[in-house]
Amino acid sequence: QVQLVESGGGLVQAGGSLRLSCAASGSIFSIPVMGWYRQAPGNKRELVTTITSGGSMNYADSVKGRFTISRDNAKNTVYLQMNSLKPEDTAVYYCSARAYIVTTGTETGFSGPHDYWGQGTQVTVSS
């Protein structure tokens, strides 16, 4: 299993900034992709941004130029720097990881990939 714990959410005024972090722990073999999703009440969960272990990044059009994802592979931690926040950014933000886990039940000693989710952290942007 892999556990993901997010932190850094809160209440900010429009135009402000927040920095989210997410630390992965557990029986990790590798984490090819980490990213962030968000979900507002009544809305579907949407992809915000992803980053691969090699540093390739993708962003939703709605956050390009405002959000920056980064990753510390040594710490299995991913960050999301959010600048110029807008009220429409208000949502619960979820950390995600696509990971291979160490296991004794396989020939290779690992299994996967498996997708994992954090518990979510609330981001509220007031107008």
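This text goes with the structure placed above it.
Procedures and definitions
- Residues numbered from 1 in each chain as written.
- Predicted model: local features only at pLDDT ≥ 70, side-chain atom pairs only at ≥ 80, totals over all residues.
- Heavy atoms only, no water.
- Helix = DSSP H or I, 4+ residues; strand = E, 2+ residues; numbered from the N terminus.
- Rg over C-alpha atoms; globule rule 2.2 N^0.38 Å.
- Buried < 20%, exposed > 50% of the residue type's maximum accessible area, 1.4 Å probe, protein only.
- Contact = heavy atoms within 4.5 Å.
- Lys, Arg positive; Asp, Glu negative; His and termini not counted.
- Charge placed at Lys NZ, Arg CZ, Asp CG, Glu CD.
- 1 Å grid on protein atoms, 1.4 Å probe; cavity = no way out; pocket = protein on both sides within 12 Å on 5 of 7 lines; lining within 4 Å.
- Points joined across faces, edges and corners; volume = space filled by probe spheres on them.
- Nonpolar A, V, L, I, M, F, W, Y, C, P; charged D, E, K, R; others polar.
- Phe/Tyr/Trp six-rings, centres within 6.5 Å; stacked < 30°, edge-to-face > 60°.
- Disulfide = S-S within 2.5 Å.

**A look at the overall build of the chain**
Along its length, the chain carries zero helices and 11 strands. A compact globule built from 127 residues should have a C-alpha radius of gyration of about 14 Å, and the chain, at 15 Å, falls within 12% of that. Its C-alpha atoms give the chain principal-axis dimensions of roughly 55 × 30 × 20 Å. The proportion of buried residues among the 127 residues of the chain is 37%. At a minimum sequence separation of 6, the contacts of the chain that also span at least 24 residues come to 56%. Positive and negative side-chain charges of the chain, numbering 10 and 8 respectively, have mean locations separated by a distance of 4 Å.

**Quick word on the layout of surface pockets**
Roughly 170 Å³ of internal volume is contained in the largest pocket. In terms of lining, the largest pocket is formed by Val33, Met34, Gly35, Tyr37, Leu47, Thr50, Ser96, Ala97, Arg98, Asp115, Tyr116 and Trp117. Mapped onto the lining of the largest pocket, the elements with two or more residues apiece are β4 (28-39), β5 (46-52), β9 (91-102) and β10 (110-117). At four residues, β4 tops the list of elements feeding residues into the lining of the largest pocket. Of the residues contributing to the lining of the largest pocket, the split by class is seven nonpolar, three polar and two charged.

**So, the packing of aromatic side chains**
All told, the structure shown has three aromatic pairs when counted by the stated rule. With a centroid separation of 4.4 Å and 15° between ring planes, the pair formed by phenylalanine 29 and phenylalanine 110 is classed as stacked. Taken as a pair, phenylalanine 29 in strand β4 and phenylalanine 110 in strand β10 lie far apart in primary sequence, 81 residues in all. Residue phenylalanine 29 is classed as partly exposed on the basis of its relative accessible area, which comes to 47%. On the accessibility criterion, phenylalanine 110 (26% relative accessible area) is partly exposed. With a centroid separation of 4.8 Å and an interplanar angle of 65°, the aromatic rings of tyrosine 37 and tryptophan 117 are classed as edge-to-face. Residue tyrosine 37 is found in strand β4, and its partner tryptophan 117 is found in strand β10; the two are separated by 80 residues along the sequence. Given the relative accessible area of 40%, tryptophan 117 is considered partly exposed.

**With respect to the state of the cysteines**
Counted under the stated rule, the structure contains one disulfide. With its sulfur 2.0 Å from that of its partner, cysteine 22 forms a disulfide with cysteine 95. Taking the torsion about the sulfur-sulfur bond, which here is approximately -80°, the covalent link between cysteine 22 and cysteine 95 counts as left-handed. Here cysteine 95 lies in strand β9 and cysteine 22 lies in strand β3 (residues 18-26), a separation of 73 residues in the sequence. Residue cysteine 22 is classed as buried on the basis of its relative accessible area, which comes to 0%. Assessed through its relative accessible area of 0%, cysteine 95 is described here as buried.

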